[in-house]
Amino acid sequence: MNEIAGIGRKRPRRIPARQGIAAEMVTGQTATILNTHGKQVVDTWAFNAVDMNEVMSMEHSRTAMLKISPQIGDTLVTNRRRAILTLVADTTPGIHDTLIAACDTYRYRDLGAGADHANCTNNLHAALAAIGRKAPEVPSPLNLFMNVPVGADGTLQFHPPTSEAGQYVSFRAEMDLVIVFSACPQDVTSVNGMEPTDAHFLID
């Protein structure tokens, strides 16, 4: 797997399909997120490790970048407009989403799925609880690999990711932070090509 991704000698950690995982990073470390099977969306959050009320913010980041989706060299910022993650590598076609909220119980209810359907909001809370942390809110995530084209008339559509198996993105931590990943369990729309799969990540 490492040879495919070209991301070093350490063994990546698994983000189980439909589940979430959290980890801590210190300033200057790099997180690499591997789309192991190619079509899996990974909802991603980052929190200031010292003050969990300071969160990576998509609305503030779009203002800072003047872009809907980050490109290599772009820095995502917090709700206090401070740098938190910088995109330093991207072997995918570069299509990621900053517009769509994390899926939750209410989203799957609206889609006609059961109330017990796995969702990224619950995954965020469970992943943080597993490392003794708690989110004061559920920020809008950076939806890595998610393909939500914006039409000329302003409409949005959900398409399968354009990333291929083994492609990855890497982010440098600009502060000590807690990062959370959720291998999105969406299997009602085409977001994951209808079949959620594992992804992997590595922190160097």
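Throughout what follows, the structure given in this document is the object of discussion.

## Observations concerning helix α4 (residues 120-130)
Part 1 of the reasoning: Residues of α4 that are buried include every one of Cys 120, Thr 121, Asn 123, Leu 124, Ala 127 and Leu 128, and no others. All buried residues of α4 fall inside an arc of 160° around its axis, so they share one side. Along α4, the residues that are exposed and aim more than 90 degrees away from the buried face are Ala 129 and Ala 130.
Part 2 of the reasoning: Where α4 is buried, its residues touch β2 (20-25), β4 (42-48) and β9 (177-183).
Part 3 of the reasoning: Between the side-chain oxygen at the start of α4 and the backbone nitrogen of Thr 121 there is a gap of 3.2 Å, and the oxygen is on Asn 119.
Part 4 of the reasoning: Positive phi shows up at Gly 132, right after α4, with a value of about 75°.

## Re the nonpolar core
Part 1 of the reasoning: Grouped together as the largest cluster of nonpolar side chains are 29 residues, with contacts concentrated most on Ile 33, Phe 171 and Ile 179.
Part 2 of the reasoning: The contact partners of Phe 171, leaving out residues within four places of it in the chain, are Met 25, Gln 29, Thr 30, Ala 31, Ile 33, Leu 76, Leu 85, Thr 86, Leu 87, Val 88, Leu 142 and Leu 144.

## Some thoughts on the sheet that holds β9
Part 1 of the reasoning: Taken in spatial order, the four strands of this open sheet run β2-β9-β4-β7, and their pairing is antiparallel. Unpaired on one side and paired on the other, β2 and β7 (142-144) mark the two borders of the sheet. Here the strands of the sheet are splayed against their neighbours by 25° on average, with no regard to which way each runs.
Part 2 of the reasoning: As judged from the six bridges shared by β2 and β9, these two strands associate in the antiparallel manner. By the bridge assignment, Met 25 is partnered in β9 with Leu 177.
Part 3 of the reasoning: Contacting β2, β4 and β9, α4 runs over the sheet at an angle of about 135° to β9.

## As for the environment of Asp 43
Part 1 of the reasoning: Residue position: Asp 43 is located in strand β4.
Part 2 of the reasoning: For Asp 43, a relative accessible area of 2% corresponds to the buried category.
Part 3 of the reasoning: Beyond its immediate sequence surroundings of up to four residues, Asp 43 is in contact with Ala 102, Cys 120, Pro 141, Leu 142, Asn 143, Val 180, Phe 181, Ser 182 and Cys 184.

## What about the pattern of salt bridges?
Part 1 of the reasoning: This structure, assessed with the given rule, holds 10 salt bridges.
Part 2 of the reasoning: Residues joined by salt bridges that share partners form a network here, namely Asp 51, Glu 54, Arg 80 and Arg 82.

## Notes on helix α2 (residues 58-65)
Residues spaced three or four apart along an α-helix point in a common direction, a consequence of the helix completing one turn every 3.6 residues.
Part 1 of the reasoning: When α2 is considered as a whole, its buried residues turn out to be Met 58, His 60, Ser 61 and Met 65. Take α2 and look down its axis: the buried residues cluster within an arc of 155°, on one side only.
Part 2 of the reasoning: The secondary structure elements touched by the buried residues of α2 are β5 (75-77) and β7.
Part 3 of the reasoning: Just beyond α2, the residue with positive phi is Leu 66, at close to 55°.

Thresholds applied
- Residues numbered from 1 in each chain as written.
- Predicted model: local features only at pLDDT ≥ 70, side-chain atom pairs only at ≥ 80, totals over all residues.
- Heavy atoms only, no water.
- Buried < 20%, exposed > 50% of the residue type's maximum accessible area, 1.4 Å probe, protein only.
- Helix = DSSP H or I, 4+ residues; strand = E, 2+ residues; numbered from the N terminus.
- Arc of directions from axis to C-beta.
- Contact = heavy atoms within 4.5 Å.
- Polar contact = N/O pair within 3.5 Å; in protein donor to acceptor, adjacent residues only side chain to side chain.
- Core = buried A, V, L, I, M, F, W, Y, C linked by side-chain atoms within 4.5 Å.
- Pairing = 2+ DSSP bridges.
- Axes fitted to C-alpha atoms, helices over the stretch in contact; angles between N-to-C directions.
- Salt bridge = Lys/Arg side-chain N within 4 Å of Asp/Glu carboxyl O.

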